[in-house]
Structures are given as structure tokens and as C-alpha cells.
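Each chain is listed here by its residues.
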Amino acid sequence: MMIRLKNIEKVYRTATVETLAINGINLDIAKGEFLSIMGPSGCGKSTLLNIMGLLDEPSKGDIKIDDQDIRSFSDKKLAHFRNEKLGFIFQSYHLINDLQVLDNVELPLLYRDSSAKERKALAAEALEKVGLSNRLKHFPTQLSGGQRQRVAIARAIVGRPQIILADEPTGNLDSAMGNEIMNILINLNKNEGTTIVMVTHDESMAQKTHRLVRLFDGSQVQ
Amino acid sequence: MLKNYFKIAIAVLKRRKFFTFISLFGISLTLTILMVATALADKMFNPGYPDYNQHRSLYVERIEIKNTKEGWVNMSNLSFYFFEHYVSRLKTVYKMAISSDQRSSNAYLNNKKLVIGYKYTNADYWNVLSYRFLEGKPYGEREIKSAERVAVISKKTKEAYFGDQKSVIGQYISADNINYRVIGVVDNVSGAVRNFAGDMYLPYTLAKDIKDTRLMGSYNAVLLGRTENDVPRMKKEFAQMVEKLPVPPDFNKIYCNADEFKTSVARRIAGDSTSNGITKVITVGGIFVLLFLLLPTMNLVNINITRIMERSSEIGVRKAFGASSKTLVYQFIVENLILTFIGGIIGVFLSLLVIYLINESDYISSFNLTMNLTVLFFSLITCFCFGLISGVYPAWRMSKLNIVKALKA
């Protein structure tokens with residue numbers, strides 16, 4: 001199993017209020033699966049994705065990724081694990097506007113033992129896969145929304161991770177652009193065998209994936 | 001990796017120009033002041049010309065005579081008699097340069113007054129100290145014995161008094177209506193080198209106060225040993241001699257020190273006869289530098305926190321893609337060091353300008369401040385500390401940011 005979530009709970013506490021964002025989720029995601037998560041706003045989709053991506057810690061429960069229990073990992077080991085195994089695509093792209101497209105894409109490789117030449121070559125290759133080889137020297141602000149998301153995909157795949165976690169990757173795009181991004185993800189899953197977990201609001205996009213999980217008020221309803 | 005940090009550091013600097021200006025202004029101004037202050041201190045503690053034998057010299061400048069019961073203290077320079085009668089008998093002293101404090105006389109040139117500062121010296125003064133003679137020579141024992149009215153003048157005095165004349169040896173200079181025959185012209189000594197700077201040097205036998213047999217007077221001396229190893233022996237012998245000095249009536253204790261150069265400067269600034277003032281100088285200097293650095297550092301820390309927090313999305317992304325907290329701390333410190341080094345370079349140029357202006361203004365005569373390697377070394381160290389101190393805290397705070405929160409910000 002690529003991702004195994006067992007009885008996951010996430011509680012947010014303030015001085016006066018306690019909010020249960022995720023309530024006892026059990027989920028197994030197989031290697032090479034393309035899974036989508038849907039649900040109304042505030043139901044805990046992104047929280048769940050963040051927990052799977054090791055960006056956030058659950059309040060309770062166990063997570064195993066690629067059969068490894070990551071709860072005992074140190075900050076350094078966790079960072080290394082994320083770098084090797086996971087790639088992220090965010091709704092608002094989160095590109096670094098001060099860096100050129102090529103520099104943005106090579107970012108995950110900066111935290112590995114690779115030479116600058118190697119990094120540039122891999123980043124250029126990833127950009128070619130998303131059809132942006134003619135935009136290497138552009139800055140993110142010079143690109144359209146669809147192009148920015150393609151850069152973000154290139155950044156997510158440049159380190160050849162086994163898992164890609166996409167948080168509403170088409171949320172900020174029109175349907176044509178959204179379809180384009182979706183096709184890239186489908187091809188990635190089909191051709192490279194990458195496991196993809198995608199949070200979406202768009203039913204038509206979710207229907208294109210292998211499996212759909214629905215959440216409501218922090219609990220799995222489908 | 002470093003190239004990437006450099007790229008982003010420059011991009012961030014360009015992004016918020018006003019912040020960048022404030023940061024760079026703070027760093028460069030502070031560094032300029034520190035560098036000029038270091039240059040001044042360096043000149044004070046390592047004056048160079050004409051005192052090149054510091055390593056085998058001791059300096060005697062002050063005597064204190066106390067009545068410890070009543071709390072009376074008399075303090076002053078020493079008399080010529082003291083040096084001639086007591087110090088010259090010490091076996092470990094190879095040579096001794098005696099000179100008076102600087103006195104001033106007036107000369108009139110075309111109805112224009114020229115103030116000439118002069119000192120009385122002995123003949124060995126010219127052997128202990130390495131004055132550069134531009135023409136002529138110093139006076140020796142013969143001129144001293146016969147109390148000849150001869151003078152060694154500085155280059156500055158020559159130019160002021162004689163104008164463009166090529167050689168002035170044998171010509172007369174009139175000060176307070178007394179004519180002195182010029183026998184030598186020496187290169188100017190910086191006004192900061194208080195004991196050795198002067199416009200005119202005269203044989204001590206022309207002074208009126210040399211017959212005074214009291215211990216206090218207006219002279220000081222440099223005691224030169226044969227080698228550096230003689231210095232502790234000279235010091236010991238000098239202290240033993242002081243112990244045996246006759247104590248004047250109404251007093252019960254005499255204090256007088258023969259100090260190494262740096263100690264003598266520290267004693268003059270912050271010490272007294274029983275404490276050499278080094279600890280005080282270092283403590284006060286350290287506190288001053290610390291406070292002086294603390295203010296811009298705090299300012300930089302604040303600016304850096306704002307700058308870094310603005311980049312929380314970038315921090316989130318970097319962490320998500322595998323940067324550990326330690327790597328991020330390293331990145332932000334490197335970026336901050338780049339900023340401080342740019343500030344440092346501007347600071348070096350500003351310091352050069354300020355030093356040039358100080359030298360040009362001739363506020364302290366023939367000061368010739370220089371930006372030497374010591375000053376540059378201290379500046380670089382300061383710069384490094386600046387970058388480190390002002391970068392570490394914001395970087396550490398930022399590295400603790402929760403990734404999800406950082407991405408949402």
C-alpha cells in the first residue's frame with residue numbers, strides 16, 4: 001500500500017473552541033492509484049491532504065507511506081522523506097516570483113546531492129513534459145494561470161516522486177485550462193505510475209480519476 | 001546552492017527598495033563610524049612614525065605624590081632633574097629620550113602671527129626615536145653642552161615660515177624674539193602622537209626649568225632597552241628606584257610607572273598611578289561598541305523578520321519540497337550575510353571618503369589616518385557578526401513556521 005491512514009483525527013484548539021476537522025478517517029491508497037477527494041468547503045479535504053503530505057501532524061491515528069511509519073521521524077528525516085517521495089501541486093501555485101521558471105522547477109533538487117548541471121537538465125526535461133520548454137527564463141508573473149500551474153506540476157514531478165498530492169489544481173483555472181492540467185496528471189499517472197491524490201470541487205474532474213472519496217464534516221461518507 | 005541563494009537574495013533586495021535602503025544605510029553608516037573609530041584607535045595605539053622601537057621601550061609620563069592619610073594628591077609630568085639624576089643611573093636603560101611638553105611661541109611673518117609649538121629634548125632623543133630628516137641633522141651632545149641656539153623644525157614649520165625655499169639649513173627662525181639656527185628639518189609627526197609631535201625641537205639646555213630639583217616638572221621620557229628582553233628588567237629596576245625616591249615633606253607615598261606603550265596610553269586615558277586602566281578601556285570600549293552595534297542590529301532584526309515573514313509562502317514551499325529547518329536557517333543567514341557584505345562594501349567606501357576628508361581638513365595636524373589591514377580585518381569581522389546576529393534570530397523564528405500556516409499566509 002502506498003498510503004495507509006488509520007483512524008486519523010485532527011483537532012484544532014483555541015483558548016475557547018475545539019474544532020474537529022478530521023474525524024476517524026481510515027483510507028488505503030494503492031500504488032499507482034489516482035484518487036480524488038471531494039466535499040463541501042471546510043469539510044477537511046485539504047487538512048487530510050496536508051496530513052498525507054506530512055505537512056501537518058494528525059492529533060491521533062497512524063500514517064504509513066510506502067510502508068514506513070513516519071511518526072518517529074526527525075525534522076531532517078521528514079524533510080528528506082518529503083523530498084524523495086512526495087510532490088505537491090497547490091491551487092494558488094505557490095511559485096517563487098523572484099526566481100525564473102527553471103529555478104523554480106529545480107527547487108526540490110536543491111535539497112538533494114546533485115550538481116547544478118544535473119539540476120538544470122532535469123528541470124528542463126520536466127518543463128518539456130508540461131509543454132513549457134520555451135518559457136525557461138520567464139518569471140512566474142509573466143505567465144498565464146494555466147502556464148503557472150504547469151510550472152508547478154513540473155516542479156512537483158522533477159524529483160520523480162512516487163506520490164503527487166494536488167490541492168485543487170484546477171480551482172483557479174477556466175475549464176479549458178483545467179482540462180489541460182487534468183490531462184497532464186492523467187498521463188503522469190498512466191505513463192509513470194505515479195500515485196496521485198487530488199482534492200477537487202469539480203465533479204467532472206473527479207470522475208476522471210480511479211476512485212472518489214467524499215468527506216462531510218471531517219468524516220468519510222463515501 | 002549558494003548561487004541560488006545569491007540570486008534570491010539579490011531579487012529580494014530589489015523587491016523592497018525602501019527596506020533595502022534602510023538596511024544598507026544602517027549597516028554602512030554603523031560600519032563607517034566603527035571603521036573610522038578603529039582607524040583612530042589604531043593610530044592611537046600603533047602610531048608608527050617616529051616611534052618604531054616600542055617593543056623595547058618603556059614610557060614614563062606621570063608622577064603622583066600622595067598623602068594617603070589626608071587624601072592629598074599632587075600629580076604632574078616629571079622634572080628634567082628626575083630623569084637626569086635618578087633614571088639615567090639605571091643600568092638596564094640603554095638610552096633615554098627626554099622631552100618637555102609642547103610649549104608655544106609666536107613668530108611674525110609679514111605682520112602675520114604664526115604659532116610655533118616647541119619642545120626641549122636631549123641629544124639621545126634623536127637616537128631613540130627615528131625621525132626622518134629631510135635635510136640637515138639633529139643636534140648632539142656638543143650643541144647641548146654649549147647651549148647653542150639651534151633648532152630642528154618640522155616640514156610644516158619650514159613651509160609655513162620659509163615658504164618654497166629648497167634648503168633652510170643655516171637660516172634663522174625667530175620665535176618669541178629669539179633667533180634659532182635651523183640645523184635640521186624632519187618629516188611631520190601626527191598631532192595624535194602627542195609626546196613626539198612638535199613644530200620645533202630645541203636643546204634642553206636652553207630651557208629655564210632644568211635646574212629645578214623637585215620631582216615634578218614638565219618632562220617625559222622613553223627608556224630604551226638593548227633588546228626586548230631588557231624591558232621587564234628595566235621595569236623592575238625603575239620600580240625599585242621609585243621606592244627609594246625621597247618623599248617630599250607633607251606626603252608619604254610616591255607613585256611613578258614605566259609602562260609599555262599601550263599601557264601608557266590606557267593609563268593616560270582611564271588609569272591612575274595604581275591602576276593601568278587597560279581593563280577600564282577595554283570594558284568601556286567593548287560596551288560602547290556593543291551598544292553601537294546593538295541598535296542597528298535590532299533594527300536589522302526587525303526589518304529581517306518583516307522581510308522573511310513576507311516570504312512565508314516561499315518558506316512553506318521550500319519546506320514542503322524537502323528543505324529542513326536547518327537548511328532554511330542556513331539559507332536566510334547566507335542571504336543576510338550577502339546583504340551585510342554589500343553594506344560592508346559601501347561602508348568601506350564611505351570610510352575611505354570620511355578618512356580622506358579628516359586627513360584633508362587637517363583637524364589634527366598631520367594626522368594621516370589610514371585604512372590599513374587591521375582596520376579592514378576588524379571591519380570584516382564586524383560585518384560578519386552583524387550579518388550573523390541580525391540573521392540568526394529571524395531565521396530561527398521563520399524556520400519554526402508551520403508549513404500549512406506558512407502556505408496560507
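Relevant structure appears above.
Keep in mind it's a predicted model, so treat the numbers as computed, not measured.

J.: How would you sum up the overall build of chain B? Please name residues and give values.
T.: Counting secondary structure elements, chain B contains 13 helices and 14 strands. Considering only contacts in chain B between residues 6 or more positions apart, those separated by 24 or more positions represent 77%.

J.: Run through the overall build of chain A, naming residues and quoting values.
T.: For chain A, the helix and strand inventory stands at seven helices and 10 strands. For chain A, the residues scored as buried account for 46% of the 222 residues in total. In chain A, the share of contacts with a sequence separation of at least 24, taken over all contacts with a separation of at least 6, comes to 70%.

J.: Quick rundown of the sheet that holds strand 6 (residues 86–89) of chain A? Include the residues and the values.
T.: All names here are of chain A. Ordered in space as 6-7-8-3-9-10, the six strands form an open sheet in which the pairing is mixed. Edge positions in the sheet fall to strand 6 and strand 10 (219–220), since each of these pairs with one other strand and no more. In this fold helix 1 (residues 45–52) packs onto strand 3 (34–38), strand 7 (163–167), strand 8 (195–199) and strand 9 (211–216), with an angle of close to 155° to the strand it touches most, strand 8.

J.: How would you sum up the interface of chain A and chain B? Please name residues and give values.
T.: Each partner contributes to the interface: chain A provides 21 residues, whereas chain B provides 24 residues. Elements that contribute at least two residues to the side of chain A that touches chain B include exactly helix 2 (75–85) and helix 3 (101–110) of chain A. Among the elements that make up the side of chain A that touches chain B, the one with the highest residue count is helix 2 of chain A (six residues). For the side of chain A that touches chain B, the per-class residue count stands at 11 nonpolar, four polar and six charged.

J.: Lay out the pairing of strand 13 (residues 219–224) of chain B in plain terms, naming residues and giving numbers.
T.: Looking down a regular strand, the side chains alternate between one sheet face and the other. Residue and element names in this part refer to chain B. In terms of burial, strand 13 is a largely internal element, six of the six residues being buried. On strand 13, burial covers both faces: Tyr219, Ala221 and Leu223 on one face and Asn220, Val222 and Leu224 on the other are all buried. Looking at chain direction, strand 1 (residues 57–60) and strand 13 are connected through four bridges and run antiparallel. In the sheet register, Ser57 faces strand 13, and the bridge partner there is Leu224.

Scoring rules and cut-offs
Residues numbered from 1 in each chain as written. Chains lettered and ligands numbered in written order. Predicted model: local features only at pLDDT ≥ 70, side-chain atom pairs only at ≥ 80, totals over all residues. Helix = DSSP H or I, 4+ residues; strand = E, 2+ residues; numbered from the N terminus. Contact = placed C-beta atoms within 7 Å. Buried ≥ 20, exposed ≤ 12 C-beta atoms within 10 Å, placed from the backbone. Pairing = 2+ DSSP bridges. Axes fitted to C-alpha atoms, helices over the stretch in contact; angles between N-to-C directions. Nonpolar A, V, L, I, M, F, W, Y, C, P; charged D, E, K, R; others polar.

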